[in-house]
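So the chains spell out like this:
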Amino acid sequence: MLPDQISAWAQAQFDAMSDAHPAFARTKIQPPRQRADLIDRGPLQAQMSQALQQQKLVLMLAPAGWGKTSALARQLALLPSNTAVAWVSADEEDDVPRLLAALTAALEPLELPWRVSPSALGTLALGSRGVQQAAAEVVNALAEAEVARGLLIFDDIHRIADPQAFEFLNALIDWLPGHWGLVLSSRTEPPLALARWRARGELSEFRQTDLRFSSDEVQAMLRSRGDDMGRADALHRSTEGWAAGLRLMLSVGAKAGPVTGRQHVYDFLADEVLAGMDERLRLFLLRCSVLPELTPQRCAHVSAMPDAQEHFEQVEREGLFVTPLDDATRTLRLHDLFRNFLEDRLQRDHAAELPELLQRAAEHEPDLVRAVPWLVRAGAWRAAASGLAVRGPALVSLGGGPAIERLLGLLPPTSFAQDPRLHLLRGLCAIQAFDFELIIDAMRQAAEGLDRLGVVNEAALARAYQHMAGLSSGQLETSAVGMAALHARGLNGAAGALAAYYCGWIQSATMQTEAAAGYIETALAHLEPVHDAGAWQPLYLIGFLASLPGMGPILERFVKGATLVAGERASLLRLGVLQARTTLALREGRIGEARDWLASADDELRWLGNPRSALNLNTMLHFAIDPLVGDEAACHKAATEIRADFRNSTPEHRRTHAGSALLCEVRCAWALGDTDWVRQAVTDRLQAANAFEWPIGTLECSVAKGMLALIDGRNAEAEQALMPPPGAIERLPSMAGGQSVILCVEAQRRQGRLDAAAALLTRWFDSLDAGEPVGGALLAGHAVLAAVAGVSWRDKLAPPRQQRLRDLAAQALSLREGGLTQVPDLNLAHLPAGLTEREAEVLDLLAQGQSNKLIARSLDLSPFTVKRHVANILNKTTTTSRTEVAAWWVAQRG
């Protein structure tokens, strides 16, 4: 099975970038059902009701068994019907991405107007200031929820060990909208800013003394059961009003004795409960105690008892220390005290059975973060490794990298030696973190191990990722040799495509520009017969190579093939298609169309949580397009964002790639005519030069120096710096070649060197006739283009080419004056706010009051695709809720 499972690895990555939630037990977000035999606790209920309906933060703080969860469950049932509730039960394994996944799943019925895909929040949380950003996205969505009152409930938060999870909760409480409240239940005081909220009067606390049963309430309990009222005082004294102790003693009709501590409870359960229980029922409970929740099917599988169904029904009927969950399936949760006691007895009396029971429990556990530790406890190392290798990639792509790293840390070195897919998984975690050194090490070990197993193509895939990381770690030469060797092996499928694709990148990085397109074409040839989005996805940054010779038709092929396999769900591959469409339009000077596609790419990027690699390309495209229409604010915003992103990235990533982004900023500033910005950006670009840069860095610095020289009137120096090397004109990202040519010609014009200028223009026009990009020339700016076009070229330049210069100058002026009407408007003029036809269809149904699920059914879309369309609609219409945008649409339609 190993080769087939590894072949599915890339597909798992792609699938994980959809809007599906990572696999966790759905019981995590199911509130407990109210018990039917609870007595009225008037004062406590009144205080809790007021707190839940009015306070920002409610804290239930008491040791185990004091009735925190039961009190909450009762009170939820008494809340007004228009109160929204999202319940999350905390686990030891919870970190911020996992809490976010559970919380967004619990909020799903509210159809909140998310602006970022809920499934992308976990990945967003891993970045610098990511916890705050993720909390802000949650708060923004909650603020627009159309509910009178909402409650977020986190039960058992004493189990959480991750400090960042409490940082997330702190931010959530601070920013929570006024009509929402947060409820926390814990055995220990959580590390939160409780003193601050207490001082503000925003915190209500219910502690052990508040939850303690009074003597009168004990009497009421006995009365409701028709029990001997004379026992009340003794029961109250022996349990001290402890809910669990009272329930234990009443459930078995025992005489009053001290039941207040753990040892007392264990002794009591052993003597009064387990000893008097039917032997088969006792065995059933002991075996099933390895499960955090009980269902008939899972109990039957784990206990391996033919009468498991009967025992489950008896436990359910008699309420034997279980809480029923509010779920369509019959699900019970054992009380922690009783479950801990049963596990204690299971290990003491049936220790030999425990490994098999844990393995059975893991077999049907959808939550990988639960299943792997069970398998580790069982000593089932191979099963734990296999589960991680097969199911881990999907979790990593949803922000679960830290959780996967913790699980990998549970395995011994022998597991990695036996199953090299674990190294592959370790490398995947490192890719998400941009840790290139770790990627190289992990993928090298994966490749070596897979080679030993004879899994050739998958080993090659790992080596391709290894060499990819080397490109960004100052190992360009070594990586180039390794990637060329991979390509020479004639690999098929995803491995062959990846090797060819990165060979194309290496040609670009080393300025062997003319050869790059051939490698990218080979990569597409490997992929086009394969309807596999996972295999296509590594090519999503193909837009970076859009300037290179011969790339126009190849980009068209990529758009066609990737669109077919990507479908409508948000993904990096879909984003890559939108970016490729943007670059195609920019290549041909269709700036209005390029802006429309870039706006769609912005929507997709925001929905995916702004992943770093794709964010860089979008920003560089903004540097090329926004200055053409004089959008200074957008240009400065792009500069601020990309500089902040590089400051927060790894040193390797910054040293390798920051220079290219800074050159795009220099070119943007030039197009705006902001000479002060040009000077500063040129200085920053030259200071960013370092040994890690690719060879194209030398050309980038030369172009930057040339622009500064032209500003200063050092025209001969500018000509020398801006003159394209022999061969292809376009060698740098975002069509820098065309801009450099026009600026170089301007330097020659100022020197009176018209013959040299005409020769360079002829060379450039020849490249345009061969299908190379023209759009970058517009970044030279109207003033320079008009000066060049105004030269009396006579017979030095063919008349049609002189006219083309005049047309470019006129287009540059028209763009700065807002003249985009001459190019096709992809968003269709008859639709307001730039809505697409599909968005208008969604909005029509939304305005009729249909839910996302009904809209999805009507339009044959997935609910997740509808959710993304709704987010785009809210952004474009600058509305904040479904009700507001529905009213806006009705007004628009008259």
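Scope of this entry: the structure provided in the associated data block. Just so you know, these numbers come straight off a predicted model, no measurement behind them. (Residues numbered from 1 in each chain as written. Predicted model: local features only at pLDDT ≥ 70, side-chain atom pairs only at ≥ 80, totals over all residues. Heavy atoms only, no water.)

A closer look at helix α42 (residues 799–816)
Part 1 of the argument: For α42, with 18 residues, the first-to-last C-alpha span of 26 Å sits near the 26 Å given by 1.5 Å per residue.
Part 2 of the argument: For α42, the set of buried residues is R801, Q802, L805, L808, A809, Q811, A812 and L815.
Part 3 of the argument: Elements in contact with the buried residues of α42: α32 (591–607), α39 (736–750), α40 (754–769) and α41 (782–789).
Part 4 of the argument: Immediately downstream of α42, the backbone of G818 shows phi near 90°, a positive value. (Helix = DSSP H or I, 4+ residues; strand = E, 2+ residues; numbered from the N terminus. Expected span 1.5 Å × (residues − 1). Buried < 20%, exposed > 50% of the residue type's maximum accessible area, 1.4 Å probe, protein only. Contact = heavy atoms within 4.5 Å.)

Structural notes on the packing of α39 against α40
Part 1 of the argument: One way to put it is that α39 packs onto α40 with a least axis distance of 8 Å and a crossing angle of 165°. For the element pair α39 / α40, the angle class is roughly antiparallel. With respect to the hand of their crossing, α39 and α40 are arranged in left-handed fashion. Two secondary-structure elements touch here, α39 through G738, V741, I742, C744, V745, Q748 and R749 and α40 through L754, A756, A757, L760, L761 and W764.
Part 2 of the argument: The class makeup of the residues in the contact of α39 with α40 is 10 nonpolar, two polar and one charged. (Axes fitted to C-alpha atoms, helices over the stretch in contact; angles between N-to-C directions. Parallel < 35°, antiparallel > 145°, perpendicular 65-115°, else oblique. Left-handed = near helix turned anticlockwise from the far one by under 90°. Nonpolar A, V, L, I, M, F, W, Y, C, P; charged D, E, K, R; others polar.)

Brief notes about the sheet that holds strand β5 (residues 203–207)
Part 1 of the argument: In spatial order, the strands read β2-β3-β4-β1-β5; together these five strands make up an open sheet with parallel pairing. Edge positions in the open sheet fall to β2 (83–89) and β5, since each of these has one partner strand only. Between one strand axis and the next, the sheet turns through 15° on average, direction left out of account.
Part 2 of the argument: Each of β2, β3 (149–155) and β4 (180–186) touches helix α5 (residues 96–107); the most contacted strand, β2, lies at about 150° to it. (Pairing = 2+ DSSP bridges.)

Brief notes about the nonpolar core
Part 1 of the argument: Core analysis: the biggest nonpolar cluster contains 203 residues, and L152, F154, F558, L761 and W764 have the highest contact counts within it.
Part 2 of the argument: Here the element with the most residues in this core is helix α27 (residues 493–509); it accounts for 11 residues.
Part 3 of the argument: When residues no more than four places from it in sequence are discounted, the contact partners of W764 are I729, G738, V741, I742, P773, V774, A777 and L808.
Part 4 of the argument: The next biggest cluster of nonpolar side chains, apart from the first, holds 56 residues, and it includes L274, A308, L334 and V396. (Core = buried A, V, L, I, M, F, W, Y, C linked by side-chain atoms within 4.5 Å.)

Digging into the packing of aromatic side chains
Part 1 of the argument: In the structure shown here, the tally under the stated rule is eight aromatic pairs.
Part 2 of the argument: Judged by centre distance (6.4 Å) and plane angle (20°), the rings of F338 and F341 are stacked. With F338 and F341 both in helix α18 (residues 336–349) and three residues apart, this pair spans about one turn of that helix.
Part 3 of the argument: The buried category is assigned to F338, whose relative accessible area is 2%.
Part 4 of the argument: Between W764 and F765 the ring centres are 5.1 Å apart and the planes differ by 45°, which places this aromatic pair in the tilted class. The exposure classification of W764 matches that of F765, with both residues buried.
Part 5 of the argument: Taken together, the aromatic side chains of Y501, Y502, W505, F544 and W694 make up a single cluster linked through ring pairs.
Part 6 of the argument: Across the ring face of F213, the terminal group of R41 is positioned such that the distance to the ring centre comes to 3.7 Å.
Part 7 of the argument: The residue whose ring lies beneath R655 is F692, and the NZ or CZ to ring-centre distance is 3.9 Å. (Phe/Tyr/Trp six-rings, centres within 6.5 Å; stacked < 30°, edge-to-face > 60°. Lys NZ or Arg CZ within 6 Å of the ring centre and 35° of its normal.)

As for unusual backbone geometry
One can expect most non-glycine residues to show negative phi and most peptide bonds to be in trans.
Part 1 of the argument: The phi dihedral of D156 falls on the positive side, at around 60°, and the residue is not glycine.
Part 2 of the argument: Counting through the fold element by element, D156 comes out in the loop between β3 and α8 (163–175).
Part 3 of the argument: A relative accessible area of 12% means that D156 is categorised as buried.
Part 4 of the argument: If you check the backbone angles, A304 has positive phi at about 55° while not being a glycine.
Part 5 of the argument: The residue A304 is located in the loop between α16 (296–303) and α17 (308–318) in this model.
Part 6 of the argument: Its relative accessible area of 46% is what places A304 among the partly exposed residues.

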